[in-house]
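Examining the three-dimensional arrangement
As a plain string of letters, each chain reads:
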Amino acid sequence: MAPEPEAHPMAPHPIESIGVVDLMLGVPSDRDAWYANFQGLLKDTESRSFGHGAAYMFKDLPQVDGTVDFIAYLLAEMDLWGIDKGLLPVNFGDTWGTRGVAEHPDRLYGSYLVDPNLGVQAVRDLRRAVDELGVIAAACFPTGLHPQVNINDPLMYPIYAACCELEIPMCINAGVPGPRFPFGPQHVEHLDRVCYDFPELVLVTRHGSEPWERLMVKLMLKWPGLHYSTSAFAPKHYPKAIIDYANTRGADKVMYAGYFPSGLSLERIMTEMRDVGLRDHVWPKFLRDNALRVFNMA
């Protein structure tokens, strides 16, 4: 009888030893207040019942126990799923973000959401957030503003200029938004003019860039400062054009961002992540190295 073949242990997945950087961690959402916060933009009645702006897509929303210390809970979840560092929203007088960044500066880093409708005050607030809250990135949700503001609107330009001067990236939502808002302000084509006018600006798109992900690839090839993050997408839904780009000429341009606890659990993200078809040499860049470099976390 032929001997039994020797059993070989399954090779560990590359993500197990990387120490992931998550470029979109969040704080607990007030799901009951979501509609009220955006009612100036929403017209459909179904959205009134949503606990998330795109609840028709996110069916299993993470629930956070309001009685627990969220920062302790967040760090425990990060440890459980191999997240070493993360970008967290902060604001003046907030409940969780500012405290988390102040108490854990080696793991949590602040981003500040800007509203260009405030004019020069938005620039002052951003500068103050960098000086007082340790913010390392600006963020903007163009279709979620009231009134909405195009990515390439003149109202955005003082903020882009401030980001250049402060040497921080701008994280900006691009593509059709999940909430039932008009998508026009986030058309990916608007990025072209911004990159042209601000060659020093570091831009990192959020929330997919769909259905213009192939255009997004073309623009990343063209503009050195333009990058893509995977926020708000479960890994099984990452656009094929983006993964193909990361595996070839875009290994230094594509980086991981999650959506916990707003819409996705870290358990789902990291479980599905193992099936993303990245090449072995791309995994460290996608999950860690690009974020450390682009956001100056190192």
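Residues numbered from 1 in each chain as written. Predicted model: local features only at pLDDT ≥ 70, side-chain atom pairs only at ≥ 80, totals over all residues. Heavy atoms only, no water.

Turning our attention to the environment of Gly263. Structurally, the position occupied by Gly263 is in the loop between strand S8 (254–255) and helix H9 (266–273). Taking the relative accessible area as the measure of exposure, Gly263 reaches 2% and is therefore buried. Separated by 170 residues in sequence, Gly263 and Gly93 have C-alpha atoms that sit 24 Å apart. Here Gly263 is in contact with His52, Phe58, Asp60, Leu61 and Pro62, once residues within four sequence places are set aside. (Helix = DSSP H or I, 4+ residues; strand = E, 2+ residues; numbered from the N terminus. Buried < 20%, exposed > 50% of the residue type's maximum accessible area, 1.4 Å probe, protein only. Contact = heavy atoms within 4.5 Å.)

Three- or four-residue spacings in an α-helix give side chains the same orientation, since the helix completes a turn every 3.6 residues. Listed as buried for helix H2 (residues 70–80) are Phe70, Ile71, Leu74, Leu75, Glu77 and Met78. The arc that holds every buried residue of H2, seen down its axis, measures 160°, which confines them to one face. When the buried face of H2 is taken as reference, the exposed residues oriented beyond 90 degrees from it are Asp79 and Leu80. Elements in contact with the buried residues of H2: strand S2 (83–89), helix H3 (97–103), strand S3 (108–113) and H9. (Arc of directions from axis to C-beta.)

All right, on to the nonpolar core then. Grouped burial of nonpolar side chains is what soluble globular proteins tend to show. Of all hydrophobic cores here, the largest spans 99 residues; its most connected members are Tyr160, Met170, Met273 and Phe295. Beyond its immediate chain neighbours, meaning those up to four positions away, Met273 contacts Ile15, Pro235, Tyr238, Tyr256, Trp283, Phe286 and Leu287. Trp34, Tyr35, Leu41 and Phe181 belong to the second-largest nonpolar core, a separate cluster that totals seven residues. (Core = buried A, V, L, I, M, F, W, Y, C linked by side-chain atoms within 4.5 Å.)

Two numbers describe a pair of packed helices, the interaxial angle and the distance between the axes. One way to put it is that helix H4 (residues 120–133) packs onto helix H5 (residues 157–166) with a least axis distance of 9 Å and a crossing angle of 25°. Relative to H5, the element H4 is oriented roughly parallel. Crossing handedness for the pair H4 and H5: right-handed. Residue-level contacts link Ala122, Val123, Leu126, Arg127 and Val130 of H4 to Pro158, Ile159, Ala162, Cys163, Glu165 and Leu166 of H5. Partitioned by chemical class, the residues of the contact of H4 with H5 number nine nonpolar, no polar and two charged. (Axes fitted to C-alpha atoms, helices over the stretch in contact; angles between N-to-C directions. Parallel < 35°, antiparallel > 145°, perpendicular 65-115°, else oblique. Left-handed = near helix turned anticlockwise from the far one by under 90°. Nonpolar A, V, L, I, M, F, W, Y, C, P; charged D, E, K, R; others polar.)

It is worth spelling out the sheet that holds strand S7 (residues 226–229) at this point. Here eight strands make up an open sheet; going across it, the order is S1-S2-S3-S4-S5-S6-S7-S8 and the pairing parallel. Whereas interior strands pair on both sides, the edge strands pair on one side only; in this sheet they are strand S1 (20–22) and S8. Sheet contacts for H2: S2 and S3; angle to S2, the most-contacted strand, approximately 140°. On top of the sheet, helix H7 (residues 213–222) reaches strand S6 (203–206) and S7; it is set at about 140° to S7, its chief contact. (Pairing = 2+ DSSP bridges.)

A few words on unusual backbone geometry. The linkage connecting His146 with the following residue, Pro147, adopts the cis geometry, with an omega of 0°. Here Pro147 is to be found in the loop between strand S4 (135–140) and H5. Omega for the bond connecting Glu210 with Pro211 falls within 30 degrees of zero, at 5°, which places this linkage in the cis form. Here Pro211 lies in the loop between S6 and H7.

A few words on the side chain of Asn290. Position of Asn290 relative to the elements: it lies in helix H10 (residues 283–294). Classification of Asn290 by relative accessible area gives buried; the value is 0%. A polar contact is formed between the side chain of Asn290 and the backbone oxygen of Ala251, at a distance of 2.9 Å. Reaching out from Asn290, the side chain makes a polar contact with the backbone oxygen of Val254 at a distance of 3.0 Å. Residue contacts for Asn290: discarding those within four places in its chain leaves Ala251, Asp252, Lys253, Val254, Met255 and Lys285. (Polar contact = N/O pair within 3.5 Å; in protein donor to acceptor, adjacent residues only side chain to side chain.)

Nothing here speaks to function; it is all geometry.
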